[in-house]
Amino acid sequence: MPGLEFIDIRKSFGAVRALRGVSLAVREGETHALIGENGAGKSTLLKILAGIVSPDAGEIQLDDRRLSLSGPRDALAHGIGMVYQETVMFPNLTVAGNIFAGRELTGRGGVLLEREMRQRTRDLLARLHLALPPEARLEHLSAAHSQLVQVARALAFDCRVLVLDEPTTSLTAADADHLFRVLEDLRDRGVTILYVSHRLPEVFRLCQRMSVLRDGQHVGTYDRSAVTPDDIVRAMVGRDLPAREATTPPAGAKCVLRVRGLSRAPLVHNVDLDVAGGEVVGIFGLVGSGRSELLETIFGLHAADSGEIFVDDVRLARGSVRAATRAGVALVPEDRQRQALFFNLVLRHNLVLARAALGRSIVVRPTEERGFSTRLLETWRIKAPSVDVTPDKLSGGNQQKVVLARWLSIQPRVFLLDEPTKGVDVGAKDEIHTIVRQQAVAGAACVVVSSDLPEVLAVAHRIVVMREGRIQGELTAAQANEHTVMQLATAPVRRAS
Amino acid sequence: MRPLGRVWRIREASTLAILLLEILFFGWYLWPDSGTYHPFLNSSNALLVLKYSSIYGIAAIGAAIVIISGGIDLSPGAVIALASVVTGGLFVEAGWGLTPSILAGLLVGVISGLVISLLVIVVQLPPFIATLGAMGIIRGAGFIITEGRYYDLSRLLPRGWHPLGIPLDWWPPVVMIALAFAFQLITHRLQWGRAVYAVGGNETAAFFSGISLGRIKTSVYLISAILASVSGVVLALVQGQGKADLAMGYELDIIASAVVGGASLSGGRGSVIGAVLGALIFGVLRNALAQIPGATFYDRLIVGVVVIVIVVMDQILVKRGA
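Conventions used here
- Residues numbered from 1 in each chain as written.
- Chains lettered and ligands numbered in written order.
- Predicted model: local features only at pLDDT ≥ 70, side-chain atom pairs only at ≥ 80, totals over all residues.
- Pairing = 2+ DSSP bridges.
- Helix = DSSP H or I, 4+ residues; strand = E, 2+ residues; numbered from the N terminus.
- Contact = placed C-beta atoms within 7 Å.
- Nonpolar A, V, L, I, M, F, W, Y, C, P; charged D, E, K, R; others polar.
- Axes fitted to C-alpha atoms, helices over the stretch in contact; angles between N-to-C directions.
- Parallel < 35°, antiparallel > 145°, perpendicular 65-115°, else oblique.
- Core = buried A, V, L, I, M, F, W, Y, C linked by C-beta atoms within 7 Å.
- Buried ≥ 20, exposed ≤ 12 C-beta atoms within 10 Å, placed from the backbone.
- Domains from an automatic or database assignment.

Draft legend 1. Up close: the pairing of strand S11 (residues 255-264) of chain A. Residue and element names in this part refer to chain A. Taken together, the six bridges between S11 and strand S12 (residues 268-276) define a ladder with antiparallel strand orientation. Directly across from Leu 257, in S12, lies its bridge partner Val 275. Linking S11 back to S12 in an antiparallel pair, the connection comprises three residues.

Put into structure tokens, the structure is as follows:
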């Protein structure tokens, strides 16, 4: 069969089985969606296709010929071009420099043919309807434009299969629209497109067929005409989503977290926020809207330029994590691997860290520490062989629960969570949501930042939408849906006069 | 006590095993053909090895702590020399008492450590550059003070001196062993030590956990420089010299000791006891090679090979353990 075929691909990372035998076929010339929740295995499959990761078993065939990929160069040589979610490009180089990076056109003696590369860049950009000078440095371009430069880079070398990994995550609606038109144009010219996303509206607009992955397995491949978005969601999640509970904030609860006029250049502007004890507030916004920076500033990681933060009516010292944690503020950061876990330390040491930072004891008490951390594993049902292993032996969901348990051990008054279910499986996701609700019931003020809209809708009483560091508006759980939230998130910024 | 789980106990035990094997090997290789006097395995040679290894060993304790925190310190050799110059100069030329001269020598460590932490934390220089610069400045200060002279402490120190009832030659190993155990305890039983491992393992996560990076980094560079100055003062007293060109190139041997003892230059791993055992491995090697005719020319080469072999073995061990 002409086209791209994955045959029984398997891959494990330590104890985590990322792909458990995935077989799926992409027909030549079609636009095919690859859908799945975070942690379903989409990224791993793409990395295997790009030659970055080699599979434990299975093979990839292109036009019935086995592809052996030993590196990113091989994928390109076979006409497979990748556009990554986070731009892996060179901000210090020009547009032309990026497009030809690593594959520069050279003349006799290895001299760079600058003029020719610029000309070819101009032609490529014209094909993509992009009015950009080839000499512009990438760092001066918008996120949307750099994304399109990646597409141009993939096309520069006769790519037959174009793979895009969640390309619209950081794009505005208008920019996304431009990208879709470019992709439709490419499809009409016979380019096979593999489009990875969990945004169903765009998938239904763009793709003829869609394959769903769940927990490292291929659930099914569907024709667009034969399914509804609800069918796809059910396939992604593996069950019917529970009807949203009647989520009304507890009446008459006292305000626990009060933020007034908080600013920190460049990403937080004059934010006011009140969260009552027992309330869960969801913060939604596109990448770069200042959501993480807001949480980090409340937690004291950055000193605010102006504004005040009160917890239980006590004002927090500016830019002091210590003051914040003493007041009961806890932050579960966005990237657990980079920002939360210590892979050189065993779980026991990882777990007691928050409590130790609060405590006045300067001595480590191993026996007490062991008992305390073992209890944490039990309480939060973290699957780990013992407290004496390092976090890399745990699955993503359990790693995330270690980070949660670390902060829950200080019994937070204000519980801030940044993308708490990124890259965890469906089961752990549910448990994490339950933990957040329990904390709220226990009287904590909870703030959940997530770009996963169903998650925000499921867990929050109230949704605050941010854009460019400002609060654009607020919706009650009843008012909020994909449409109203996205509208606020992408609407022009209302600047304070 | 189980400081950091399985891998660590294996790691320190394996460094000790290498040291013992090394001693056995040279004991066999240098076994005398006739007579009963063993040129290598005798108590006075053992003391000699311990005495000279201690100069590296004391400083290697600090180097290991810096490396565990994810940094690097190139200045200990220079600090050793300047401390010996200051102690020697004040004692011999300025007519200060011995105790104030020693304290002044240790002050060299305090000041150097503070300057280095200032460069790393406030000026935000990479530790390699900050300590490379500091190395030059500190070494240079020694030359400016001495102007090519050296201070001879030995003629002013009492003959057969037993400070606190311990013979002078015994002092370096006693100081090294005492400091090694003290810092092993500090790094594994105090929250501060835990924080040093955390910063070295994942600086961003340490920041997000509320650990004060500035405080931890200041303390590790301060400790490293103070231990180097201790080493310098001990050297000045035992060798009876204060000289600006003392301990030339020691910084690399000191780092090598820490690395052979299990410290990872990417931070987060290593131990103080391991670093001291590493210093002893090199001390034994040098001493034994000096007794094999012609082998001294191979000294540097063998040291280089040993560093690489031991670190490769360590990597294999860690992979197995993982």
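Draft legend 2. Region of the structure containing the interface of chain B and chain A. Residue-level contacts link 19 residues of chain B with 25 residues of chain A. For the side of chain B that touches chain A, the elements supplying multiple residues, two or more each, are helix H7 (191-201) and helix H8 (203-208) of chain B. Per-element accounting of the side of chain B that touches chain A gives the leading share, six residues, to H7(B). Counted by class, the side of chain B that touches chain A contains eight nonpolar, eight polar and three charged residues.

Draft legend 3. Local environment of the sheet that holds strand S17 (residues 414-418) of chain A. Residue and element names in this part refer to chain A. One open sheet accounts for six strands, arranged S16-S17-S18-S13-S19-S20; its pairing is mixed. Of all the strands in the sheet, the pair left with one neighbour each is strand S16 (329-332) and strand S20 (470-476). Strand-to-strand twist in this sheet, taken as the mean axis angle between neighbours without regard to direction, amounts to 20°. Note: strand S13 (residues 280-284) against strand S19 (residues 462-467), four bridges, orientation parallel. Note that in S19 the partner of Phe 284 across the bridge is Val 465. Most of the contacts of helix H17 (residues 482-490) go to S19, to which it runs at about 30°, and overall it touches S13, S19 and S20.

Draft legend 4. Summary view of the packing of helix H6 (residues 171-189) of chain B against helix H11 (residues 272-291) of chain B. All names here are of chain B. Where H6 contacts H11, the two axes come as close as 8 Å, and the packing angle between them is 150°. Put simply, H6 runs roughly antiparallel to H11. In contact with Met 176, Ala 180, Phe 183, Gln 184 and Thr 187 of H6, H11 contributes Val 272, Ile 273 and Val 276. When grouped by side-chain class, the residues that make up the contact of H6 with H11 number six nonpolar, two polar and no charged.

Draft legend 5. Main features of the nonpolar core. Among the nonpolar cores identified, the biggest contains 174 residues, and Leu416(A), Ala60(B), Ile61(B), Ala64(B) and Val276(B) are the most heavily contacted of them. Element by element, the count of residues in this core is highest for helix H9 (residues 213-239) of chain B, at 15 residues. Beyond its immediate sequence surroundings of up to four residues, Ala60(B) is in contact with Ile254(B), Ser257(B), Ala258(B), Ala275(B), Val276(B), Gly278(B) and Ala279(B). In terms of nonpolar packing, the next biggest core, distinct from the first, is built from 64 residues, Phe6(A), Leu155(A), Ala156(A) and Leu162(A) among them.

Draft legend 6. Local environment of the domain arrangement of chain A. Domain boundaries assigned for chain A yield domain 1 (4-237) and domain 2 (255-490). One C-alpha centre belongs to domain 1 of chain A, the other to domain 2 of chain A; they are set 32 Å apart.

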